[in-house]
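Architecture at a glance
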Amino acid sequence: AQTVTQSQPEMSVQEAETVTLSCTYDTSENNYYLFWYKQPPSRQMILVIRQEAYKQQNATENRFSVNFQKAAKSFSLKISDSQLGDTAMYFCAFQGGSEKLVFGKGTKLTVNP
Amino acid sequence: EAQVTQNPRYLITVTGKKLTVTCSQNMNHEYMSWYRQDPGLGLRQIYYSMNVEVTDKGDVPEGYKVSRKEKRNFPLILESPSPNQTSLYFCASSRQGAYEQYFGPGTRLTVT
């Protein structure tokens, strides 16, 4: 069974600085997808960024980028120029052939003014 | 507007009183799923459905039932709720083979 591990339960960063959230996963599959979801206080699950395992190029969405290391099974999220609105829980998730999303336990990120 | 809706958004109930949380999507998605979110545990899958009349257990199915009689609806049924089912519940849907799931707004359930 796949597992997703987020080793940082909580993190904080100053506004305008850069922060990196860590995620590792375990799978025997070769084709899969990885995601970062953001959950603000409203509780809505918002897709931040996704990465297809067959693509070597790291995904980027504006201030959000990932460092995908397939051999190491690592998928970290970098947030540049942090903003107060980035304060949220962040979940790393894995999706293999079964279409089931397997989530990590989350990292609570606080952006301080 | 493409969306997944859940009702109710908040529910407080007592042990043993049957309840249903509805989920509906307007995107003609084949795949639908229920997750529960608990502090420190992330989201865990309860049940999922690949299409009408096709459902299967996820990681934490005990105490829950589902049905998929129509493509757009995927209700979650708690026949005899217990306090350990107090949680935040999410419904999600996606096209078959797609890699983005759309989440509903969540249902906060408290069982006393």
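Going by the structure above, here's the rest.
The structure presented is a predicted model; accordingly, all values stated were derived computationally and were not measured.

Attention now moves to the layout of surface pockets. Sizing a probe to match a water molecule and rolling it over the atoms shows the empty space that remains. Put simply, the largest pocket is a space of about 360 Å³. Gln-39, Met-89 and Phe-91 of chain A together with Gln-37 and Arg-108 of chain B are, among the 21 residues lining the largest pocket, the residues nearest its centre. Of all the secondary-structure elements, those providing two or more residues to the lining of the largest pocket are strand E10 (88-95) and strand E12 (107-112) of chain A together with strand E4 (31-38) and strand E9 (87-94) of chain B. In terms of residue class, the lining of the largest pocket is made up of 8 nonpolar, 8 polar and 5 charged. In terms of lining residues, the second largest pocket is bounded by Lys-100, Leu-101, Val-102, Phe-103, Gly-104 and Lys-105 of chain A together with Leu-41, Leu-43, Arg-44, Gln-45, Asp-59 and Val-60 of chain B.

With 19 residues of chain A in contact, the opposing surface of chain B contributes 27 residues. Overall, the association of chain A and chain B removes approximately 1,900 Å² of surface from exposure, summing both partners, and the carbon and sulfur fraction of that is 48%. In terms of surface lost to chain B, no three residues of chain A exceed Arg-43, Glu-99 and Lys-100 of chain A, which account for 36% of the buried area on that side. The salt bridge involving Asp-59 of chain B is made with Lys-100 of chain A; its shortest N-O contact spans 2.8 Å. Inspection of the chain A/chain B interface yields 5 residue pairs in polar contact (both at pLDDT 80 or more). Among the elements of the structure, strand E5 (33-39), strand E6 (46-52), E10 and strand E11 (101-103) of chain A are those that each provide at least two residues to the side of chain A that touches chain B.

For the rest of this paragraph, the subject is the nonpolar core. Judged by nonpolar contacts, the single largest core of 26 residues is most densely connected at Tyr-25, Trp-36, Phe-75, Leu-77 and Tyr-90 of chain A. Of all elements in the fold, only strand E3 (19-21), E5, E6, strand E8 (64-69), strand E9 (74-79), E10 and E12 of chain A reach the threshold of two or more residues within this core. Each residue touching Tyr-25 of chain A, except ones within four places of it in the same chain, is listed here: Thr-3, Val-4, Tyr-32, Leu-34, Phe-68, Gln-69, Lys-70, Lys-73, Ser-74, Phe-75 and Phe-94 of chain A. Counting residues in hydrophobic clusters, the runner-up holds 19 residues, among them Val-4, Ile-46, Tyr-64 and Leu-78 of chain B.

Residues and elements named next belong to chain A. In this structure, Gln-2 sits in the segment before strand E1 (3-5). Taking C-alpha positions, Gln-2 is 9.6 Å from Phe-103, a pair spaced 101 residues apart along the chain. Ignoring anything within four residues of it in the chain, the contact list for Gln-2 reads Asp-26, Thr-27, Glu-29, Phe-94 and Val-102. Side chain to side chain, Gln-2 and Glu-29 meet in a polar contact 2.5 Å long.

Within this structure, the stated rule accounts for 15 aromatic pairs over all chains. Arranged with centres 6.1 Å apart and planes meeting at 35 degrees, the rings of Tyr-25 of chain A and Phe-94 of chain A form a pair that is tilted. Within this pair, whereas Tyr-25 of chain A is found in strand E4 (residues 24-26), its partner Phe-94 of chain A is found in strand E10, the two being separated by 69 residues in sequence. The exposure class of Tyr-25 of chain A is buried, given its relative accessible area of 5%. Residue Phe-94 of chain A is classed as buried on the basis of its relative accessible area, which comes to 1%. Seen from their ring centres, Phe-90 of chain B and Phe-103 of chain B are 6.2 Å apart, and the 85 degrees between their planes marks the pair as edge-to-face. One end of the pair, Phe-90 of chain B, is in strand E9; the other, Phe-103 of chain B, is in strand E10 (residues 102-103), with 13 residues separating them in the sequence.

With that out of the way, let us pick up the pattern of salt bridges. All names here are of chain B. As enumerated under the stated definition, the model contains 10 salt bridges over all chains in all. Between Lys-65 and Glu-79 there is a salt bridge whose closest N-O contact spans 2.9 Å. Here the residue Lys-65 occupies a position in strand E7 (residues 65-66), and Glu-79 occupies one in the loop between strand E8 (76-78) and E9, the gap between them amounting to 14 residues. Residue classification places Lys-65 among the partly exposed residues on the basis of a relative accessible area of 41%. Among the residues examined, Glu-79 registers a relative accessible area of 36% and is labelled partly exposed. Here the residues in one salt-bridge network are Lys-18, Lys-65 and Glu-79, joined through shared partners.

Rules used in this analysis
Throughout this document, residue positions are counted from 1 along each chain, in the order its sequence is written. Chain letters start at A and ligand numbers start at 1, both assigned in the order the entries are written. For a predicted model such as this one, the threshold for reporting local features is a pLDDT of at least 70, and the threshold for listing and counting side-chain atom pairs is 80 or more; totals across whole chains, interfaces and linings nevertheless cover every residue. To obtain the side-chain values, all non-hydrogen atoms of the structure were used and water was disregarded. Cavity and pocket criteria rest on a 1 Å grid covering protein atoms alone: a 1.4 Å probe that fits but cannot get out defines a cavity, protein on both sides within 12 Å along at least 5 of 7 lines defines an open pocket, and an atom within 4 Å of a point defines a lining residue. Grid points are joined across faces, edges and corners, and a volume is the space filled by probe spheres set on the points. Each helix corresponds to a stretch of at least 4 residues labelled H or I by DSSP, and each strand to a stretch of at least 2 residues labelled E; elements are numbered beginning at the N terminus. Charged means Asp, Glu, Lys or Arg here, nonpolar means Ala, Val, Leu, Ile, Met, Phe, Trp, Tyr, Cys or Pro, and polar covers whatever is left, Gly included. We call two residues in contact whenever any of their non-hydrogen atoms come within 4.5 Å of each other. When two components associate, each loses some accessible surface as probed by a 1.4 Å sphere; the sum of these losses over both components is called the buried area. Take a side-chain nitrogen of Lys or Arg and a carboxyl oxygen of Asp or Glu: if they are within 4 Å of each other, that pair is a salt bridge. What qualifies as a polar contact is a pair of N or O atoms within 3.5 Å, subject to a donor-acceptor requirement within protein and to the restriction that residues adjacent in sequence count only when both atoms come from side chains. Nonpolar cores were defined as sets of buried Ala, Val, Leu, Ile, Met, Phe, Trp, Tyr and Cys residues, with membership established by side-chain atoms within 4.5 Å. Burial classes: relative accessible area under 20% of the type maximum marks a residue as buried, over 50% as exposed, and values in between as partly exposed (1.4 Å probe, protein chains only). Note on ring pairs: Phe, Tyr and Trp rings are taken, using the six-membered ring of Trp, and paired if centres are within 6.5 Å. Classes follow the plane angle, with under 30 degrees stacked, over 60 edge-to-face and the rest tilted.

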